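Structural overview for review
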Amino acid sequence: MELADKLALLAGAARYDASCASSGSSRGAGPGGIGASSPAGVCHSWTGDGRCVSLLKLLYSNACRNDCAYCASRSSADTRRASFSPEELVRITMAFYRRNYIEGLFLSSGIFSDPDIVMERLVEVARRLREEEGFGGYIHLKVIPGSSEKLLRRAGAYADRLSANIELPTQASLSRLAPQKSGTEILGAMRLMSEAEGESREESGRARGWRRAAPPPFAPGGQSTQLVVGASPEDDRTIVSLASSLYRRFGLRRVYYSAFLPVAPDPRLPPPAAPPLRREHRLYQADWLMRCYGYAAEEILGAAEPSLDAELDPKAAWALRNPGFFPVEVESAEYERLLRVPGLGITGARRIVAARRGSRLEAEDLGKMGIVMRRARWFLSLRGRRLGEELGPELLRPLLAEGGGAARPPSSQLELAFA
Amino acid sequence: MSATSSAARAWAWDGSLESLLILADLALSAGSWPGSLRSPQPPEAGLFDEAEAGEPCGADPRAAEGALGRLRARGGPLYGLCLEAWMSEEGVEPQLLSLASALGRGEAGAAEDYARPETRILRAACSRVEREVHRLQGLARFSPRSDGLYSALLEPDHNVLPALLPHFARRFGGQAFALVDLRRRVAYLSRGGRIEALSGEEAIALGPDRSDEDAQALWRGYFQAIENPARRNPGLQKRLMPARYWKHLPELARIGERESV
């Protein structure tokens, strides 16, 4: 097969992996080499689906002995099969990197042989890039569940990020849709990575203490995972609490959610429908609240709520369920309380904290400072005075719902009617 | 705006970064500035004769270096804001000097206080610069020239090449590279650890001198294959990557435009 055809085939097969981040690592080029990565990561393009292209995302091979119902490369699929050689992958990566098309390589693979043999191939590509090309760019390697700890540690020495995909939210769904996969094996790989990361941090701490050069860190960009949403019957609460425990137990940097796209009819799968993109979006919002805003999983979805609200973002939904928390006082509320105000993000909350030290804030300053007052005013007070009328959750809901047009305060007639 | 002693004469500014640093340093140490800027007199009218005591008189590199050191040492975020304000080309120098004066009067935190109009206006311009710098770190497209140099053509909204240089110097390691700003007709050449600034025809001549079609075709193929047709969302694509940047992207530029480069 021509290289260009192979590239198209094995990129097309890799596009179902949502992760393309090049963040969380900082390294430079090896001697005589090229490349660097910086903690913020860089996007190099955006495809027609609006997704960032940061890494050259490829499968080493799309030959696979597993028959996962949701996967385009499953063994029963009638599709052309091909594999790269390490030379080809190194050559394309370096050519693209020098032209600033990419930030580095994301390499995954079908399970074309024993897990150790597959993993060894991925590690070999990373080794060549680092040792032979002095490549300092980003490398994300997929961990093949069931491969040995020794290989996993070698992978971590070359890669910036590693990931083992959890694929589905429960063992029951894995058994049904991905019968060759084992949840225990996947979680085992995550545990090994998390332990190796911890040891590596301790070692580099000790080396600093002795003023010695630290050994190469184990996957300094940490580990991530991905699960398919909508191929199996689990509700949002199951998914959110799974993500929360993955963050807690294994220190994952990211959980990615991938709306299920039917690739072939299969009696084990739900009937073909549009991918649940809205649901995927809500899950990312919930995930963001857990990682950056200090919300617990149980706050996002209580025992009585199995699903995230389709019309409301999870932060607004929490605010409506907790009217007693508001109004939050602009002059004195802690940063963490400000963060819970719909319409106020990390930037806005920081700006309020910085500005109230220096100036006496007025209501009209807030809008100028970049705060979305259309949403925030219902939840804020300034020197004891509410910035928006006090409305119950039923009246606030349409004002905060997405796609509901410009939110206007209700007219006075309406107020009378509800008084 | 800052309180100033009487109606002081407007400061002269020649538009250079060096003299902006000198002015910011002056405003910081005085805690005030006259409130307006003027263009310097043409040299034949005797710029140096006209200069009053304490008034900066053009871009003296040594004076600029001293100012730079003091701004970095005492000015908090001021040095970075000077660079970005200058790169923005949005005329926010008065806001910058007003903020420098406030910091000089001991109003700590003024640079983070978005309730102050000068901070808000200055910061808005600076964040447009930061956004473009970050964007172009990803969107600059290099191709190898026949002399082995990797060269990229850019047409940035702001004068951001100086901020892109350290990023690409780190990324390219020992590989020589050039950044060419077609709009401003300036270029920077990084070779053997040294950086050279060029302008006019010399700058434009550093652009690519041959086709790089093989690599570009491979990249286009990849770009098409990685898109998920079931998730098409061209509106989002345009929002994240405005169409004015597409011209120099081999994966998006139309074939005719690409070959005319």
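Residues numbered from 1 in each chain as written. Chains lettered and ligands numbered in written order. Predicted model: local features only at pLDDT ≥ 70, side-chain atom pairs only at ≥ 80, totals over all residues. Heavy atoms only, no water.

1. So, the packing of aromatic side chains
Residue and element names in this part refer to chain B. Taken as a whole and judged by the stated rule, the model has 22 aromatic pairs over all chains. Measuring from centroid to centroid gives 6.4 Å for Phe168 and Phe172, while their planes differ by 40 degrees, and the two rings are tilted. With Phe168 and Phe172 both in helix 7 (residues 161-172) and four residues apart, this pair spans about one turn of that helix. Summarising the burial analysis for this pair, Phe168 and Phe172 share the class buried. (Phe/Tyr/Trp six-rings, centres within 6.5 Å; stacked < 30°, edge-to-face > 60°. Helix = DSSP H or I, 4+ residues; strand = E, 2+ residues; numbered from the N terminus. Buried < 20%, exposed > 50% of the residue type's maximum accessible area, 1.4 Å probe, protein only.)

2. Overview of the pairing of strand 3 (residues 55-59) of chain A
Residue and element names in this part refer to chain A. Among the five residues in strand 3, five count as buried, and that is most of the element. What you see with strand 3 is no split at all: Leu55, Lys57 and Leu59 on one side and Leu56 and Leu58 on the other are buried throughout. As defined by bridge partners, strand 3 adjoins strand 4 (residues 104-108) across five bridges and the pair is classed as parallel. Paired with Leu55 across the strands is Gly104, a residue of strand 4. Read as a crossover between parallel neighbours, the route from strand 3 over helix 2 (residues 86-98) to strand 4 is right-handed. (Pairing = 2+ DSSP bridges. Right-handed = clockwise from strand over helix to strand, strands pointing away.)

3. Describing the domain arrangement of chain A
How large an interface is tends to be reported as the accessible area lost when its parts come together. Residues and elements named next belong to chain A. When the domains of chain A are assigned, the result is domain 1 (3-266 + 274-300) and domain 2 (314-418). On the side of domain 2, ten residues touch domain 1, which itself brings ten residues to the contact. The contact between domain 1 and domain 2 buries some 970 Å² in all, and 52% of this surface belongs to carbon and sulfur atoms. At the junction of domain 1 with domain 2, the criterion picks out one salt bridge. (Domains from an automatic or database assignment. Contact = heavy atoms within 4.5 Å. Buried area = accessible area lost by both parts, 1.4 Å probe. Salt bridge = Lys/Arg side-chain N within 4 Å of Asp/Glu carboxyl O.)

4. Some points on the state of the cysteines
For the coordinates displayed, the defined rule picks out one disulfide over all chains. Two residues, Cys43(A) and Cys52(A), share a disulfide whose sulfurs are 2.4 Å apart. Around the S-S axis, the bridge from Cys43(A) to Cys52(A) shows a dihedral of about -105 degrees and counts as left-handed. The class of Cys43(A) is partly exposed, set by a relative accessible area of 25%. We classify Cys52(A) as partly exposed; its relative accessible area is 23%. For Cys126(B), which is in no disulfide, the shortest distance to another cysteine sulfur is to Cys82(B) and amounts to 9.1 Å. Judged by its relative accessible area of 1%, Cys126(B) is buried. (Disulfide = S-S within 2.5 Å.)

5. A short note on the interface of chain A and chain B
The interface of chain A with chain B comprises 54 residues on the first partner and 47 residues on the second. Across the chain A/chain B interface, buried area totals approximately 4200 Å², and carbon plus sulfur atoms make up 58% of it. Among the residues of chain A in contact with chain B, Trp46(A), Arg99(A) and Tyr101(A) are the three that bury the most area, contributing 17% of the side total. Linking chain A with chain B are three salt bridges, by the criterion used here. Its salt-bridge partner being Glu103(A), residue Arg171(B) comes within 2.9 Å of it at the nearest N-O pair. Among the secondary structure elements, those contributing two or more residues to the side of chain A that touches chain B are helix 1 (3-12), strand 1 (45-46), strand 3, helix 2, helix 8 (277-292), helix 12 (346-358) and helix 13 (363-368) of chain A. Among the elements that line the side of chain A that touches chain B, the one with the most residues is helix 1 of chain A, at six residues.

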